[in-house]
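# A structural walkthrough
Chain by chain, the residues run as shown.
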Amino acid sequence: MKLSKLMLGLSLAVGVLATASAQVTMRNSISVAQNSHQGEAIDTLSKEVEKRTNGRIKIQNFYSAALGSERESIESVQLGTQELTTTSTGPVPNFVPETRILDVPFLFRDKAHARAVLDGPIGQELLATFEAKGMKALAWGENGVRHMTNSKRAVNVPDDLKGLKMRTMENSVHVAAYKSLGIVTTPMAFSEVFTALQQGTVDGQENPLSVIMASNFDQVQKHLTLTGHVYSPAVILMNKGTFDKLSAADKKIFLDSAKEAVKVNRARVDKDDANGVAELRKKGMTIIENVDKSKFVATMGPAMAEFEKQFGKANLDRIRNYK
Ligand code: EAX
């Protein structure tokens, strides 16, 4: 009796051990190319998780929207048919409306301000809001500061944007803001943008230098203006059920590895911002670097007033004044 109990106990222990050491493979995805700020982020995440779990957990990475657009990937993560995705906040408010506030134009002074807000209590509160929607947001990463490109004309002042047909993200804050500049907005998934620019379905688009370079938009866009009109966060998302099933130690490994991924991600954005203008000029783009941003803010006045109403001045000021 005693012996059989012991045997049972042993075999159970072996069973648990076998399960614990079984290798799990998860999937993560981005909509941009591997050689990019987002590619470096997910490559770092998978490398760190694999190393820290001694190969128990592997993450297979998919680039260039190979598993679907950002919106589709978020849906998959929510449903659990895909464990992880890394995305700009473009389509995120359609799932987690609380994050909409981050996409307000000219909200952040610069990247340092945005990073401080996202790493601080405001960012952490927003990460927590994903849980009610079936997702664990591991960390805020970065897509970069967005600038405008087009194939028609040099943009010096807001008036130059009037009537330009531009692709926007599927994000209601962006659409409202750009409409107020006189842009003819055309929301579409990022994976369709290159072709749309090439075929002239749209005249322009707006994205950080990191994305413009990783996506070779210089091949289909002549004019770039450093409008820096909005900061674009990124977020590393995991299916909540998948995260909840991890041991406490593995949860920590994912959260710590995500932090490492964000460090590499931000460093690459800084590098792209430092080299981007020279590189894109070399590739033939005409670039306007000095823009009077106050003119853009003023032209967006009505949309900005609407955002103050929607989000509440106190909430916007809490972000604007965060030190
Ligand atoms: O995440 O949709 C966009 O313009 C995003 O900036 C891009 O997919 C990178």
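Use the structure listed above.
Residues numbered from 1 in each chain as written. Predicted model: local features only at pLDDT ≥ 70, side-chain atom pairs only at ≥ 80, totals over all residues. Heavy atoms only, no water.

## Examining the pattern of salt bridges
- Under the definition given, this model contains 27 salt bridges.
- In this structure, E206 and R146 form a salt bridge, with 2.7 Å as the shortest nitrogen-oxygen distance. Highlighted residues: E206 in strand β7 (residues 204-208) and R146 in strand β4 (residues 135-150), separated in sequence by 60 residues.
- The partner of R320 in a salt bridge is D317, and the shortest N-O contact between them spans 3.1 Å. Taken together, the residues span about one helical turn, with R320 and D317 both in helix α13 (residues 313-320) at a distance of 3 residues.
- Via salt bridges that share partners, K111, R115, E142, D270 and D273 belong to a single interconnected network. (Salt bridge = Lys/Arg side-chain N within 4 Å of Asp/Glu carboxyl O. Helix = DSSP H or I, 4+ residues; strand = E, 2+ residues; numbered from the N terminus.)

## Comments concerning the pairing of strand β5 (residues 165-168)
- Relative to strand β6 (residues 184-187), β5 runs parallel, the two being bridged by 4 bridges. Each residue of the ladder has a partner; that of K165, found in β6, is V184.
- The parallel pair β5 and β6 is bridged by helix α6 (residues 172-179), and the resulting crossover is right-handed. (Pairing = 2+ DSSP bridges. Right-handed = clockwise from strand over helix to strand, strands pointing away.)

## So, the pairing of β7
- By the criterion of burial, β7 is predominantly enclosed, with 5 of the 5 residues buried.
- In β7, alternate side chains face the same way, and those of G204, E206 and P208 on one face and Q205 and N207 on the other are all buried.
- Direction of pairing for β4 relative to β7: antiparallel, over a ladder of 5 bridges. Along β7, the bridge assignment pairs M148 with E206. (Buried < 20%, exposed > 50% of the residue type's maximum accessible area, 1.4 Å probe, protein only.)

## Section: the side chain of T129
- Relative to the helices and strands, T129 is located in the loop between α5 (121-128) and β4.
- Only 2.6 Å separates the side chain of T129 from the backbone oxygen of L126, close enough to count as a polar contact.
- Residue contacts for T129: discarding those within four places in its chain leaves V96 and E98. (Polar contact = N/O pair within 3.5 Å; in protein donor to acceptor, adjacent residues only side chain to side chain. Contact = heavy atoms within 4.5 Å.)

## A word on the packing of aromatic side chains
- Summed over all chains, the structure comprises 5 aromatic pairs.
- Centre to centre, the rings of F108 and Y231 are 5.4 Å apart; their planes meet at 70°, and the pair counts as edge-to-face. In this pair, F108 is assigned in the loop between β3 (84-88) and α4 (111-119) and Y231 in strand β8 (residues 223-239), connecting sequence segments 123 residues apart. For the residue pair F108 and Y231, the accessibility class agrees, reading buried in each case. (Phe/Tyr/Trp six-rings, centres within 6.5 Å; stacked < 30°, edge-to-face > 60°.)

In short, the description is geometric, and any link to function would need to be established separately.
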